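# A look at the structure
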Amino acid sequence: MAGDVEPDRSEARASDEDRDRVVGKLRDAVGDGRLELAELEERLELALSARTMGQLASLVADLREAPGGAPVRAKDLVRIQVKGSNAVREGAWIVPRALEISADMGSVTLDLTSAVLSHPTLRIAADVRLGNLTIITRPGIEVDADAVSIAFGSVDLHDESTDGTSGTVLRVEVTGKLAHGKLRARPPRPPRRGLLARLLRRPRS
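Residues numbered from 1 in each chain as written. Predicted model: local features only at pLDDT ≥ 70, side-chain atom pairs only at ≥ 80, totals over all residues. Heavy atoms only, no water.

For the protein, an unreviewed UniProt entry supplies the name DUF1707 domain-containing protein and the organism Actinocorallia longicatena.

This is the structure:
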């Protein structure tokens, strides 16, 4: 029997058995209230398409109980700098208190759909030149970019601040400047229902 996903095997190829095991953990997390149904759909899609053990591990990383019930510790400041390249934060990454983002002819994507949130506010200081900053939200996350200075750029905010049942869990405050750049906030793309239905019907071992 294969064991749990191991961090030191992050680059190893995942098998169908590995994917099924993670799907089982996600279903269990919904059953005991650690995961919402909307999050389940998103993570099931990612589990189906995961190629490596590291990608699978990121889907259940925030579902483990910390030893002694210790809270997740986030960094105060993280800097992301790209020049002619791309940077992506996705899966169960730990969101810091603040981000400094510099994108020069490149792009930065912050996927918050499965991120570990340890503070109510994320402050982003952005300097985007001929590049893009994309923030992928989920219900309960709102994005404020009123303080961004724009020079031949654009801001497109289409976040999901509430799902009608819960309040704001994270407020993202973006400051800085766009020069021929684009700032975009959007919800995740809808899952492919056919694949999701097959996953939910798949028997567990």
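## A closer look at the environment of D20
Inspection of the secondary structure assignment puts D20 in helix α1 (residues 16-31). Since its relative accessible area comes to 31%, D20 is described here as partly exposed. The sequence separation of D20 and A47 amounts to 27 residues, and the corresponding C-alpha distance is 8.4 Å. (Helix = DSSP H or I, 4+ residues; strand = E, 2+ residues; numbered from the N terminus. Buried < 20%, exposed > 50% of the residue type's maximum accessible area, 1.4 Å probe, protein only.)

## A few points about the environment of R123
Here R123 lies in strand β5 (residues 121-129). R123 sits 52 residues away from T175 along the chain, and the two C-alpha atoms are 7.8 Å apart. Ignoring sequence-local partners within four residues, the contact set of R123 consists of R97, A98, L99 and E173. (Contact = heavy atoms within 4.5 Å.)

## As for the nonpolar core
Core analysis: the biggest nonpolar cluster contains 28 residues, and L110, I124, I135, V172 and V174 have the highest contact counts within it. Among the elements of the structure, β1 (77-83), β3 (98-104), β4 (107-111), β5, β6 (132-136), β7 (141-151), β9 (170-179) and β10 (182-186) are those that each provide at least two residues to this core. Ignoring anything within four residues of it in the chain, the contact list for V172 reads L112, L122, I124, I135, I141, E142, V143 and D144. Counting residues in hydrophobic clusters, the runner-up holds 15 residues, among them L40, A50, L56 and V60. (Core = buried A, V, L, I, M, F, W, Y, C linked by side-chain atoms within 4.5 Å.)

## Section: the confidence of the model for the protein
Model confidence for the protein is summarised by a mean pLDDT of 81, while 77% of its residues fall at 70 or above. Contacts from residues 66-71, a stretch scored under 50 in pLDDT, to residues over four places away or in other chains number 0 contacts. Low confidence marks residues 162-166, where pLDDT is under 50. Its contacts with residues over four positions away, or in another chain, come to 3 contacts. (pLDDT = per-residue confidence, 0-100.)

## Some points on the sheet that holds β5
Sheet architecture is open: 5 strands sit in the order β1-β3-β5-β9-β7, paired in parallel fashion. The open sheet has two free edges, formed respectively by β1 and β7, since each of these has just one partner strand. Across the sheet, the axes of successive neighbouring strands diverge by a mean angle of 15 degrees, strand direction being ignored. Both β1 and β3 contribute to a ladder of 7 bridges, which runs parallel. Looking across to β3, one finds that Q81 is bridged to S102. (Pairing = 2+ DSSP bridges. Axes fitted to C-alpha atoms, helices over the stretch in contact; angles between N-to-C directions.)

## Here's the deal with helix α2 (residues 37-49)
Here α2 spans 19 Å end to end across 13 residues, near enough to the 18 Å set by a 1.5 Å rise per residue. Those residues of α2 lying buried are E39, L40, E42, R43, L44, E45 and A47. (Expected span 1.5 Å × (residues − 1).)

## Notes on the side chain of R186
With respect to the helices, strands and loops of the structure, R186 is situated in strand β10. No salt bridge forms around the buried R186; measuring N to O, its nearest opposite-charge neighbour D111 is 7.1 Å away. Residues contacting R186, with those up to four places away along its chain left out, are T134, I135, I136, T137 and H158. (Lys, Arg positive; Asp, Glu negative; His and termini not counted. Salt bridge = Lys/Arg side-chain N within 4 Å of Asp/Glu carboxyl O.)

## Brief notes about unusual backbone geometry
In the Ramachandran plot, M105 falls in the positive-phi region, its phi being about 55 degrees despite a non-glycine side chain. Note on placement: M105 falls in the loop between β3 and β4. Its identity as a non-glycine residue notwithstanding, L130 has a phi of 55 degrees, on the positive side. Examined against the element boundaries, L130 turns out to sit in the loop between β5 and β6.

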